[in-house]
Amino acid sequence: MPRVRRNLNSRRKEKTEGARKVRIRPMDPVEMCGKGTSVMKLYRVEETTDQTRIHHLVFFDRHGWYCEHGKQCGAVGDVQKFTRNKL
Ligand SMILES: [Zn+2]
């Protein structure tokens, strides 16, 4: 039986996101930030790569989405994708 190496093409994808796993859990903004908070949505993101594990808190309020690490943090995009998929 000839062996065909078909996964050469998938190598590029593996390198960029293969090891990265993201777990997203919705949180209660009032419980986390207190009564009267302007935060409307809150998600805890657990990002795992082969070497590290990073926790993020991603908020949504009238200013938009932002992570505790700043608006540029990759977790912001992850949560946006997550919430879009749910709708
Ligand atoms: Zn972050």
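Within every chain, residues take consecutive numbers counted from 1 along the sequence as written. Per-residue local features are limited, in this predicted model, to residues with pLDDT of at least 70; the limit for side-chain atom pairs, both in listing and counting, is 80 or more; totals at the level of whole chains, interfaces and linings are taken over all residues.

Participant: An account of the overall build of the protein is needed here, citing residue identities and associated values.
Facilitator: Only DSSP runs of H or I reaching four residues or more are called helices, and only runs of E reaching two or more are called strands; each is numbered from the N terminus. When you go through the protein residue by residue, the secondary structure sums to 3 helices and 4 strands. Overall, the protein shows an N-to-C arrangement of helices and strands of α-β-α-β-β-β-α. The long-range fraction of contacts in the protein, counting pairs at least 24 apart against all pairs at least 6 apart in sequence, stands at 22%. Throughout, a pair of residues is in contact if the C-beta atoms placed from their backbones lie within 7 Å.

Participant: A description of the nonpolar core should follow, citing residues and the corresponding values.
Facilitator: By definition, a nonpolar core groups buried Ala, Val, Leu, Ile, Met, Phe, Trp, Tyr and Cys residues that are joined through C-beta atoms within 7 Å. Backbone-placed C-beta atoms define the burial measure: a residue is buried with 20 or more other C-beta atoms within 10 Å of its own, exposed with 12 or fewer, and partly exposed in between. Listed in full, the 9 residues of the largest apolar core are L42, Y43, V45, V58, F59, C67, A75, V76 and V79. Listed by contribution, the elements that provide at least two residues to this core are strand 2 (41–48), strand 3 (53–61) and helix 3 (74–86). Excluding residues that lie within four positions of it along the chain, L42 makes contacts with M27, P29, M32, L57 and F59.

Participant: A description of the environment of V45 should follow, citing residues and the corresponding values.
Facilitator: Here V45 is to be found in strand 2. Residues V45 and C67, 22 residues apart in the sequence, show an inter-C-alpha distance of 9.6 Å. Setting aside residues up to four positions removed in sequence, V45 forms contacts with V22, I24, H56, V58, A75, D78 and V79.

Participant: How would you summarise the pairing of strand 4 (residues 64–67) if you had to cite specific residues and measurements?
Facilitator: Here, a strand pair is defined by DSSP locating no fewer than two bridges between the strands. Note: strand 3 against strand 4, 4 bridges, orientation antiparallel. Residue D61 lies in a different strand from strand 4, and its bridge partner there is G64. Here strand 3 hands over to strand 4 after 2 residues, the two strands then running antiparallel side by side.

Participant: Any details on helix 3? Residues and values, ideally.
Facilitator: Helix span, as expected, comes to 1.5 Å for every residue beyond the first. When the terminal C-alpha atoms of helix 3 are compared, their 19 Å separation across 13 residues agrees well with the 18 Å that a helix rising 1.5 Å per residue should span. Those residues of helix 3 that are buried are in contact with strand 1 (21–27), strand 2, strand 3 and strand 4.

Participant: Residue-level account of the sheet that holds strand 2, with values.
Facilitator: Pairing is antiparallel across the open sheet formed by 4 strands, whose spatial order is 1-2-3-4. Either end of the sheet is taken by a strand with one partner, and the two such strands are strand 1 and strand 4. Pairwise comparison of adjacent strand axes, ignoring direction, gives a mean angle of 20° for this sheet. Where strand 2 meets strand 3, 8 bridges bridge the pair, whose relative direction is antiparallel. Looking across to strand 3, one finds that K41 is bridged to F60. Axes here mean lines fitted to C-alpha atoms, for a helix over just the part in contact, with angles spanning 0 to 180 degrees between N-to-C directions.

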